[in-house]
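Here are the chains, one letter per residue:
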Amino acid sequence: MTQPFAIAIHGGAGTILRAQMSAELNREIRQALQQAVSAGHQLLARGGDALDAVVAAVRVLEDSPHFNAGHGSVLTDKEMVEMDASVMHGAQMNAGAIAGVRHIRNPVELARDVMLRSQHVMLAGEGAEEFAFSLGYEYTEQDYFFTERRYDQLQSMKQKGLFALSESAYPDDTKHGTVGAVALDQQGNLAAATSTGGITNKRYGRIGDSAIIGAGTLAENGTVAVSTTGMGEYFIRKGVAGDVAARMRYLQQDVHTACEQVIQGDLKAMGGEGGLIAIDAQGEIHFAMNSSGMYRASIDVQGHLLVKIYADE
Ligand code: ASP
């Protein structure tokens, strides 16, 4: 008999309103979510490692123009992309992260290589890219990441003198977000991955929680794997992913209680909008959000597929 395995993914949380979603966009986003979760699940079904499954799922989302990661990343105040990503494997609690990279097509793969092929946990900016090119990564021109929609979004943020999540309350913003995945494999390993373009109109080399182990990403065998999405400044200060794990470890809270208490409790009280996905050591999945929506999908231990967008779905 095979051991239980399951996977969950997110494509960002924020103000996602039915009134602003065309039927076509709705279909395309749900399709991309299903494709991503299936890519990870197929690996798990073949006995693959949880880390490879979460990277495979996130890669699909990075390649889609619909999400704020890889190809669909939002723009900085200098009209370029700067991407953050991180991964963690729960067996040894090994982790890899990159911050502020500009020319890497699939940042999640580089984060995994930082974990597997460097002696470090986090590499930033030009150094991270130098490491990538030394491994044979291709230099990806900024043009690949540039989309008209992100440009318009940036101009609107600039006019307002704001920076914002890609899912934001402004009607001229479209609805695309940071991506992530968590999985349990048949060997009992948990893993998590998160990848993002960050927030629109960011500057000064701003880095968000998606690059930070314990804030945006965490995996610990026997406990939980977590990937978050939301305004990183809050998620970093709250150490969201680590807080979920600590509640489960020290308070013996189940995954549902731990996630809800962090997202609806402390984080919300601080003013932090967003959500997370989590999976525990038995493959139990939880989606938490304090925003009107979060793109999300899962295939649970029974093999049931679920794809959702709005909080009330
Ligand atoms: N958490 C990401 C950041 O702050 C943004 C997002 O989730 O959309 O960089």
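Within every chain, residues take consecutive numbers counted from 1 along the sequence as written. Where totals are concerned, whole chains, interfaces and linings use all residues; where local detail is concerned, this predicted model gives features only for residues with pLDDT of at least 70, and gives and counts side-chain atom pairs only at 80 or more. Water and hydrogen atoms were dropped before computing side-chain values, which therefore reflect all heavy atoms in the structure.

UniProt positions are given in the numbering used here, feature names are shortened, and annotations may be inferred rather than shown by experiment. Following the UniProt record, one finds the feature "binding site: substrate" (unreviewed entry) at Arg206, Ile207, Gly208, Asp209, Thr229, Gly230, Met231 and Gly232. Strands are runs of DSSP state E lasting at least two residues, helices are runs of H or I lasting at least four, and both sets are numbered from the N terminus onward. As for its position among the elements, Arg206 is in the loop between strand E6 (190-196) and strand E7 (217-220). Should any heavy atoms of two residues lie within 4.5 Å, those residues are counted as being in contact. Not counting residues within four places of it along the chain, the set of residues in contact with Arg206 comprises Gly198, Ile199, Gly232 and Glu233. Turning to its location among the elements, Gly230 is positioned in strand E8 (residues 224-230). Throughout this description, buried means an accessible area under 20% of the type-specific maximum (1.4 Å probe, protein chains only), exposed means over 50%, and partly exposed covers the range between. Overall, Gly230 belongs to the buried group, its relative accessible area being 11%.

What follows deals with the site of the ligand. Any residue with at least one heavy atom within 4 Å of a molecule or strand is counted as near it. Taken together, ten residues form the shell around the ligand, and within it Thr178, Arg206, Asp209, Thr229 and Gly230 come nearest. In protein, a polar contact requires one atom able to donate a hydrogen and another able to accept it; more generally it is a pair of N or O atoms within 3.5 Å, and residues adjacent in sequence count only if both atoms are side-chain atoms. Within the side chain of Arg206, one N or O atom sits 2.8 Å away from an oxygen atom of the ligand. Here the Shrake-Rupley method, with its probe set to 1.4 Å, supplies the accessible areas, and only the displayed protein chains count as covering residues. Taken by itself the ligand offers 270 Å² of open surface, and the protein chains cover 100% of this. Only Asp, Glu, Lys and Arg are considered charged, only Ala, Val, Leu, Ile, Met, Phe, Trp, Tyr, Cys and Pro nonpolar, and every remaining residue, Gly among them, polar. In terms of residue class, the shell around the ligand is built from one nonpolar, seven polar and two charged.

All right, on to helix H4 (residues 125-134) then. Working note: α-helix, 3.6 residues per turn, so residues spaced by three or four point in the same direction. If you check which residues of H4 are buried, you get Gly125, Ala128, Glu129, Phe131 and Ala132. Looking straight down H4, one finds that the buried residues subtend no more than 155 degrees of arc, so they occupy a single side. With respect to the buried face of H4, the exposed residues turned more than 90 degrees away are Glu126, Glu130 and Ser134. Two residues or fewer after H4 comes Gly136, characterised by a positive phi angle close to 95 degrees. The arc refers to the directions leading from the helix axis to the C-beta atoms.

So, about the pairing of E7. Two faces belong to every sheet, and in a regular strand the side chains alternate between them. Judged by which residues are buried, E7 turns out to be covered on both faces: Thr217 and Ala219 on one side and Leu218 and Glu220 on the other are all buried. A pair of strands is treated as paired once DSSP finds two or more bridges between them. Strand direction decides the pairing type here: E7 and E8, joined by four bridges, are antiparallel. Across the sheet, Glu220 pairs through a bridge with Val224, a residue of E8. Here E7 folds back onto E8, and the loop between the two strands holds three residues, one of which, Gly222, carries a positive phi near 85 degrees.

This part takes up the UniProt feature "active site" (unreviewed entry) in the chain. In this numbering, the UniProt entry assigns the feature "active site" (unreviewed entry) to Thr178. Tracing the backbone through its elements, the reader meets Thr178 in the loop between helix H5 (148-160) and strand E5 (179-184). Excluding residues that lie within four positions of it along the chain, Thr178 makes contacts with His10, Gly11, Gly12, Asn68, Thr194, Ser195, Thr196, Ser210, Thr228 and Thr229.

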